[in-house]
Amino acid sequence: MARTKIAAVLRDGQPGTTVDVRGWVRTKRESKGDFAFLELNDGSCFANLQVVVDGKLPDYATLIKQITTGASVAIDGEIVASPGKGQRVEVRATALRLLGTADSTTYPLQKKGHSFEFLREKAHLRPRTNTFGAMARVRNALCYAIHEFFQDRGFLYVHTPIITTSDCEGAGQQFQVTTLDIAKAGSGLRAKGSGTEKKNPDAADPASSSVTQPLALSPQPSIDYSTDFFGKKAGLTVSGQLEGEAFACAVGDVYTFGPTFRAENSNTTRHLAEFWMVEPEMPFYELEDDMALAEDFVRTIIRKVMERCPDDLQFFNDRIEPTLLESLKNIVDHDFIRLTYTAAVEILQQSGQKFEYPVEWGHDLQSEHERYLTETHFKQPVILTDYPRAIKSFYMRCNEDGKTVRAMDVLVPRIGEIIGGSQREERYDVLVERMKECGLNPDDYWWYLELRKYGTVPHAGFGLGLERTLQLITGMVNIRDCIPFPRVPGSAEF
RNA sequence: UCCCCGAUAGCUCAAUGGUAGAGCGAGCGGCUGUUAACCGCUAGGUUUUAGGUUCGAGUCCUAAUCGGGGAGCCA
């Protein structure tokens, strides 16, 4: 008999038919001597399958004692209508095989709730819990919806490199990739109190006195990268955008969807050192087209996950965030608010709200400002555009006012920025000037500039953080619970 | 990286500077077509680590480590 998944049994199982089901025991309720109930879960759906094990089965007394929370079993049985409440059908076991025990005195997952902090230390076992099983299915449904959205619209899925030698992607600190002998190269910045670190060569450089301290190895003046694997300094990608533009300016609408790495010492509920990002890039798009796509994208993928994972989302609504379904429906059903950065600053300044940081044109908006706009003022997602050029990246198209760029951020309640995008600067001369203005060397971007030198076109794109989207969709507070095995500063176990 | 808070039984948490406890989980027993099952009993501790103050420290002080929340960087 072929194994049947529990989702299929619960959805389609007809009383009178026989099945082979396998999975992990969530709980056992024993009726002395007579029979026992097993709650079986195989991850195929949120619900457990109730299995009734009769006391007359061979070796019942021995087996049932060894079947504890966490044990794995294979069961042949008959589907019967369930006389009890809570399930349409259940399985009456005719044969029971114990595949693996889980010693109840040491198995970490008990028949009770656990804190997420505790489960993060058991990342290999937490997918066996309600919350993380649901997260895995929602994450899968979300990724499916993302591909579907772009494929339906004729976008090409392109693979941009994970390893890059363009040290100048401009989106954050890179992890270094090297085959050089690290042991001889010095200690990382995380090594506290080591006297050797006092003479950091960057310490006196005002350009590096940003609030973000890189965790990557500090460059040693003596290192000759021409002897390294790629013949020059290499790192893990912080964005596939620049390479994405190369393909957008050749084969039309494209998107990338892959892992992204930032070696920033960010310790928040919204940051990971390794995360997944979706980056579409479209030729002949201007900012308005970019915004329209981004909005359609966010609303569509949320709607599809709601359609495909109703049980999982109901669980998140019941146990994690009571306003979840309401807020998701609000996003799906309403147009996003669109306004310029300048207009947003005016709203904030006239709000009468007391902010810890003052609102001033030219400064980037703080978390509290973004939250006020999305959670208090508009109570729905907001797309802000035309930010001051001084606080945005070099590749964003300059407006005629000389003060702003064609940038757009999609802000959502609870999470803040979920999408960052822009129309790209397609004018060669303007881009070169802008690079210099940002303190970059145009020579380092020679191939990126050639995209403007030869057959340049207006184009635009954006990036969406997958795990932040999962925070939005599931209501989970900490982004570390939205990725199977989180990587954050000081932590990459598993 | 900065600010704040925390670390006590397997888990979640109590405990005036003076004998370390509860709930849940676990083990055993009872009861029951049960479903966060229920009832009783039992076991379970170098109070994160290293120093210090004190007659005496889970409690006060210093440092380290780890964790959480907030901020910055950003997706």
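Everything numeric in this text was worked out from a predicted model, so none of it was measured. (Residues numbered from 1 in each chain as written. Chains lettered and ligands numbered in written order. Predicted model: local features only at pLDDT ≥ 70, side-chain atom pairs only at ≥ 80, totals over all residues. Heavy atoms only, no water.)

In this section: the overall build of chain A. The helix and strand inventory of chain A stands at 13 helices and 16 strands. For chain A, the proportion of its 494 residues judged to be buried stands at 48%. Across chain A, the fraction of contacts at a sequence separation of at least 24, relative to all contacts at a separation of at least 6, is 69%. Summed over all atoms, the accessible surface of chain A reaches about 24,000 Å², with 51% contributed by carbon and sulfur. Here chain A contributes 57 positively and 68 negatively charged side chains, and the mean placements of these two sets differ by 7 Å. (Helix = DSSP H or I, 4+ residues; strand = E, 2+ residues; numbered from the N terminus. Buried < 20%, exposed > 50% of the residue type's maximum accessible area, 1.4 Å probe, protein only. Contact = heavy atoms within 4.5 Å. Areas by Shrake-Rupley, 256 points an atom, 1.4 Å probe, with all protein chains shown as cover. Lys, Arg positive; Asp, Glu negative; His and termini not counted. Charge placed at Lys NZ, Arg CZ, Asp CG, Glu CD.)

On to the sheet that holds strand β3 (residues 49–54), then. Taken in spatial order, the five strands line up as β1-β2-β3-β5-β4 and close into a barrel, and their pairing is mixed. If you compare each strand with its neighbour and ignore which way they point, the axes differ by 50° on average. Relative to strand β5 (residues 89–100), strand β4 (residues 72–81) runs antiparallel, the two sharing ten bridges. Across the sheet, the residue bridging to A74 is R97, located in β5. (Pairing = 2+ DSSP bridges. Axes fitted to C-alpha atoms, helices over the stretch in contact; angles between N-to-C directions.)

Bridge analysis of strand β1 (residues 18–31) against β4 gives seven bridges, and the strand direction is antiparallel. Bridging across to β4, V19 finds its partner in G77. With seven bridges joining them, β1 and strand β2 (residues 35–41) adopt antiparallel strand pairing. Residue R29 lies in a different strand from β2, and its bridge partner there is F37.

Backbone geometry places K379, a non-glycine residue, at a positive phi of 60°. Classification of K379 as exposed rests on a relative accessible area of 53%. With a phi close to 70°, F494 is a non-glycine residue in the positive phi region. Looking at the secondary structure, you find F494 in the segment after α13 (466–474). With a relative accessible area of 40%, F494 lands in the partly exposed category.

Regions with low pLDDT carry predicted coordinates that are not meant to be interpreted in detail. Across chain A, pLDDT averages 89, with 90% of residues at or above 70. When mean pLDDT is compared element by element in chain A, strand β6 (residues 156–157) scores highest at 98, while helix α2 (residues 60–66) scores lowest at 88. Across residues 192–219, confidence stays below pLDDT 50; counting only partners more than four residues off in sequence or on other chains, it has 29 contacts. For this predicted complex, the interface confidence comes out at an ipTM of 0.90, alongside a pTM of 0.91. (pLDDT = per-residue confidence, 0-100.)

Next up on the list: the state of the cysteines. Counting across every chain of the model gives zero disulfides. Between C45, a free cysteine, and C309, which holds the nearest cysteine sulfur, the sulfur-to-sulfur gap is 11 Å. Lacking any disulfide linkage, C143 is separated from the closest cysteine sulfur, that of C309, by 11 Å. (Disulfide = S-S within 2.5 Å.)

The next subject is the nonpolar core. By size, the foremost hydrophobic cluster in this structure holds 49 residues, and its most contacted members are I146, F150, F297, F316, M408, V410 and I419. Setting aside residues up to four positions removed in sequence, V410 forms contacts with A294, F336, V382, I383, G416, E417, I418 and I419. One finds L242, Y395, A407 and Y445 within the second-largest nonpolar core, a separate group that totals 30 residues. (Core = buried A, V, L, I, M, F, W, Y, C linked by side-chain atoms within 4.5 Å.)

With that out of the way, let us pick up the pattern of salt bridges. Inspection of every chain in the model, using the stated rule, returns 31 salt bridges. Two residues, E467 and R139, come together in a salt bridge whose shortest N-O distance is 3.0 Å. Of this pair, E467 sits in helix α13 while R139 sits in helix α4 (residues 130–152); the two residues are 328 residues apart in sequence, bridging distant segments of the chain. Of the residues examined, E467 reaches a relative accessible area of 1% and is grouped as buried. Taking the relative accessible area as the measure of exposure, R139 reaches 12% and is therefore buried. (Salt bridge = Lys/Arg side-chain N within 4 Å of Asp/Glu carboxyl O.)

Turning next to the pairing of strand β14 (residues 404–412). Consecutive side chains of a regular strand alternate in pointing toward one face of the sheet and then the other. The element β14 is largely enclosed, with a buried count of nine among its nine residues. Pairing geometry for strand β13 (residues 382–388) and β14, over six bridges, is antiparallel. From the neighbouring strand, Y387 faces β14, where its bridge partner is V405. When β14 meets strand β15 (residues 416–423), the two strands line up antiparallel, connected through six bridges. Looking at β15, one finds that A407 is bridged to S422. Taken together, β14 and the strand that follows it, β15, pair antiparallel across an intervening segment of three residues, in which R414 is found at a positive phi of about 80°.

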